[in-house]
Amino acid sequence: MKFARTLLPALAAGAVALLLNAPQALAAEHEHVPTAMDLVYGAINLSVLLGVIFYFARKPVARFFRNSAGEQRGGYDDAVNVAQQTKAEVEAQKKKIAELEGELHRMLEDARGDAAEEREQLERDAAATGERIKTQAGIQVAQEMNKARLALREQLADETVRLAGQLLSSRLDDERRNGLVAEYISQLEQGS
Amino acid sequence: MSGVIAQRYARALMNLAVQGDTVEAVASELDDLADAMLEAPQLSAFLADTRVSRAQKQEVVAEVLRQSGVSELVNVFVRFLASKRRFALLPDIREIFHRLADERLGRAQAEVTVAAPLSGGQERSLQEKLEALSGKQVTLTITVDPEIMGGVITRIGSILRDGSLRNQLNQIRQSIKEG
C-alpha cells in the first residue's frame, strides 16, 4: 500500500510525459518515414521519461525496500523471540512434567505403602476373625454335643422308665400291690 | 385375696364357736348351708345380682336360714356375710373352718391315693400309722388312681409322702438324666 502511494506520482509524471510526446510520435508515424533524427528524439524522450521516473520514483522505491527490509528484520526478531519463548515454555513444561512424574512416583510409593499396611491389617483382622469363629464354633459344637448328649440321656431315661413301667404293670398282681402297701405302712412306722 | 378374706371370716367364726363350745355344730351347719348353696346356683346368682337391692337379699337369706333351722350364731354370721356382699365366700369359709376345727380338736384329714382299693385291714393299719405319726385323729379320704401303678401316696396338710411306683420310676428317670 505504501509502495503504491509512493510510486503513484512517478507513474503519473511518466504518463504526462508520454501524453505530451504522443502527438509528435503519431504525426511522425503517419506523415514521415522515420529518420535518424527520429531515433535521436525517441532516445531523448525515453531518456527524459526514464529520468523523470527515476527522479520521482527513487525515493519511494528506496523507502519501500528500506521498509521491507525493516519489516523482514522485525519479523525475524519476532520469530526469534517467539522461538525463544516457545523453547522456554517447552522447558518449563518439561520441568513440570518431570515434577509431576516425581509427584506421581511419590504418590505411587505412598499408595503401595498404604496398600501394604492395609493388607497387613486385613490379614491380622482376618486371622483374629478366623480365630474367633473357630472358638465360637468350638463352643457351639460343645454345646450341641452336650445338648445332644442330654437329649439322648433324656430319651434313654424316658424309654427305660416306659419299658420298666410296662414290665412292672405286666407283673403286678394283687399280691404284689398288697406287698407294696404293706411296705409303705411299714416305712411309715419306721419314719415315726 | 378372697382366700385371705375367707380365712379372716373363718377365724372369727371359730373364735365365736369356741366361746360357745359349738365348733362341731357350727361346722355341720356350715356344711349344710354350703352344700345347699352349691346345689342351688340360682341362689348364688340372685345374691350376686347387683340389680337386686340389699334389703331383698337380706330378706331371702333370712328366709333360707329360717328354713334350714341353723343356730343363732350361724344365722347372724351368714346374714352379716350377706350384708357385706361376701356370701359367695361361704364354701371357702366352710373349708377353712373345718381345717381350723380339726386342728383345735386334734383331728386331721388324710388324702390317700392308691392304685387299687385297700382292704379293711389295710385301711385300719394305714390310719393307725398315720395317727401315730401325726398325733391326731386321722380321717382317710381314699382315691383310687391306677396311674400310680402301685404303692400309696398320703397327704396330711402340707406333708406329702409319696410311696408310689410311679414316683420311684420318676426318681430313676431323673437319676438317669442327671447321669
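Criteria and cut-off values
Residues numbered from 1 in each chain as written. Chains lettered and ligands numbered in written order. Predicted model: local features only at pLDDT ≥ 70, side-chain atom pairs only at ≥ 80, totals over all residues. Heavy atoms only, no water. Helix = DSSP H or I, 4+ residues; strand = E, 2+ residues; numbered from the N terminus. Buried < 20%, exposed > 50% of the residue type's maximum accessible area, 1.4 Å probe, protein only. Contact = heavy atoms within 4.5 Å. Areas by Shrake-Rupley, 256 points an atom, 1.4 Å probe, with all protein chains shown as cover. Phe/Tyr/Trp six-rings, centres within 6.5 Å; stacked < 30°, edge-to-face > 60°. Patch = residues over 30% accessible without salt bridge, like charges linked within 9 Å, V, L, I, M, F, W, Y side chains within 5 Å. Salt bridge = Lys/Arg side-chain N within 4 Å of Asp/Glu carboxyl O. Buried area = accessible area lost by both parts, 1.4 Å probe. Pairing = 2+ DSSP bridges. Right-handed = clockwise from strand over helix to strand, strands pointing away. Expected span 1.5 Å × (residues − 1). pLDDT = per-residue confidence, 0-100. Core = buried A, V, L, I, M, F, W, Y, C linked by side-chain atoms within 4.5 Å. Axes fitted to C-alpha atoms, helices over the stretch in contact; angles between N-to-C directions. Parallel < 35°, antiparallel > 145°, perpendicular 65-115°, else oblique. Left-handed = near helix turned anticlockwise from the far one by under 90°. Lys, Arg positive; Asp, Glu negative; His and termini not counted. Charge placed at Lys NZ, Arg CZ, Asp CG, Glu CD.

Caption draft 1: Seen up close, the overall build of chain B. Along the backbone of chain B there are eight helices and four strands. When the helices and strands of chain B are listed from N to C terminus, the series reads α-α-α-α-α-α-β-α-β-β-β-α. Across the 179 residues that make up chain B, the buried fraction comes to 38%. Across chain B, contacts joining residues at least 24 apart in sequence account for 67% of those joining residues at least 6 apart. When the accessible surface of chain B is split by element, carbon and sulfur atoms take 49% of a total near 10,200 Å².

Caption draft 2: Quick look at the packing of aromatic side chains. Here the structure, examined in full by the defined rule, presents four aromatic pairs over all chains. Pairing Tyr55 of chain A with Phe56 of chain A gives two aromatic rings, centres 5.1 Å apart and planes at 85°, and the pair type is edge-to-face. With a relative accessible area of 52%, Tyr55 of chain A lands in the exposed category. What makes Phe56 of chain A partly exposed here is its relative accessible area of 37%. Measuring from ring centre to ring centre gives 5.2 Å for Phe64 of chain A and Phe65 of chain A, while their planes differ by 65°; the resulting arrangement is edge-to-face. Overall, Phe64 of chain A belongs to the partly exposed group, its relative accessible area being 31%. In textbook terms, an aromatic cluster arises when at least three aromatic residues are bridged by ring pairs, as seen for Tyr9, Phe77 and Phe80 of chain B.

Caption draft 3: Expanded view of a nonpolar patch on the surface. Taken together, the side chains of Met37, Val40, Tyr41, Ile44 and Val48 of chain A make up a nonpolar region of the molecular surface, amounting to roughly 460 Å² of accessible area. With respect to the secondary-structure elements, Ile44 of chain A resides in helix α2 (residues 36-171).

Caption draft 4: The arrangement of the interface of chain B and chain A in detail. Taken together, the contact between chain B and chain A spans 24 residues of the former and 22 residues of the latter. Between chain B and chain A the total buried area reaches about 2,000 Å² when both faces are included, carbon and sulfur atoms providing 75% of it. Counting the contacts that link chain B with chain A gives one salt bridge. Note that Arg173 of chain B and Asp158 of chain A form a salt bridge whose closest N and O atoms lie 2.8 Å from each other.

Caption draft 5: Broad picture of the pairing of strand β2 (residues 137-144) of chain B. Residue and element names in this part refer to chain B. Bridge analysis of strand β1 (residues 107-114) against β2 gives eight bridges, and the strand direction is parallel. Opposite Arg107, over in β2, you have Gln137 as the bridge partner. Once you follow β1 into helix α7 (residues 120-134) and on to β2, the crossover reads as right-handed.

Caption draft 6: How the structure looks around helix α6 (residues 90-105) of chain B. Residues and elements named next belong to chain B. Helix length check: α6, at 16 residues, gives a terminal C-alpha distance of 22 Å against a target of 22 Å (1.5 Å per residue), a fit within 8%. The complete set of buried residues in α6 reads Leu90, Pro91, Ile93, Arg94, Ile96, Phe97, Leu100, Ala101 and Asp102. Within two residues after α6, Gly106 carries a phi angle of roughly 70°, on the positive side.

Caption draft 7: Broad picture of the confidence of the model for chain B. All names here are of chain B. Looking at chain B, the pLDDT average stands at 90 and 99% of residues meet or exceed 70. Confidence, read as mean pLDDT per element, is least for helix α3 (residues 41-48) in chain B (83) and greatest for strand β3 (residues 152-156) (95). The ipTM value of the predicted complex is 0.70, and its pTM value is 0.53.

Caption draft 8: Looking closely at the nonpolar core. Within the largest apolar cluster, 31 residues are counted, with the highest numbers of intra-cluster contacts made by Val78, Phe87, Ile93 and Phe97 of chain B. Those elements that provide at least two residues to this core are α1 (2-19), α2 (23-39), α3, α4 (54-68), α5 (72-83) and α6 of chain B. Per element, the largest residue contribution to this core is seven residues, and it comes from α1 of chain B. Counting 15 residues, the second largest nonpolar core, distinct from the first, contains Ile185 and Leu188 of chain A together with Val138 and Ile156 of chain B.

Caption draft 9: Layout of the pairing of β3 of chain B. Residues and elements named next belong to chain B. With four of five residues buried, β3 lies mostly within the body of the structure. Summarising the sheet, β1 and β3 pair through five bridges and their orientation is antiparallel. By the bridge assignment, Glu111 is partnered in β3 with Arg155. As judged from the four bridges shared by β3 and strand β4 (residues 159-162), these two strands associate in the antiparallel manner. Paired with Thr154 across the bridge in β4 is Arg161. Taking the residues between adjacent antiparallel strands as the criterion, β3 and β4 are bridged by two residues, where Gly157 takes a positive phi near 65°.

Caption draft 10: Structural context of the sheet that holds β3 of chain B. Residues and elements named next belong to chain B. Strand order in the open sheet made by the four strands is β2-β1-β3-β4, with mixed pairing throughout. Only two strands of the sheet have a single neighbouring strand rather than two, namely β2 and β4. Across the sheet, the mean angle from the axis of one strand to that of its neighbour is 15°, orientation sign disregarded.

Caption draft 11: Spatial organisation of the packing of α2 of chain B against α5 of chain B. All names here are of chain B. Contact pair α2 / α5: the axes reach a minimum separation of 10 Å and the direction vectors enclose 45°. Regarding the angle of α2 to α5, the classification is oblique. Once α2 is placed against α5, the crossing between them reads as right-handed. Across the interface between the two elements, Val26, Glu29 and Leu33 of α2 pack against Leu73, Val74 and Val78 of α5.

Caption draft 12: Region of the structure containing a negative patch on the surface. Residues Asp110, Asp114, Glu117, Glu118, Glu120 and Glu123 of chain A make up a contiguous surface patch of negative charge. With respect to the helices and strands, the residue Asp110 of chain A is situated in helix α2.

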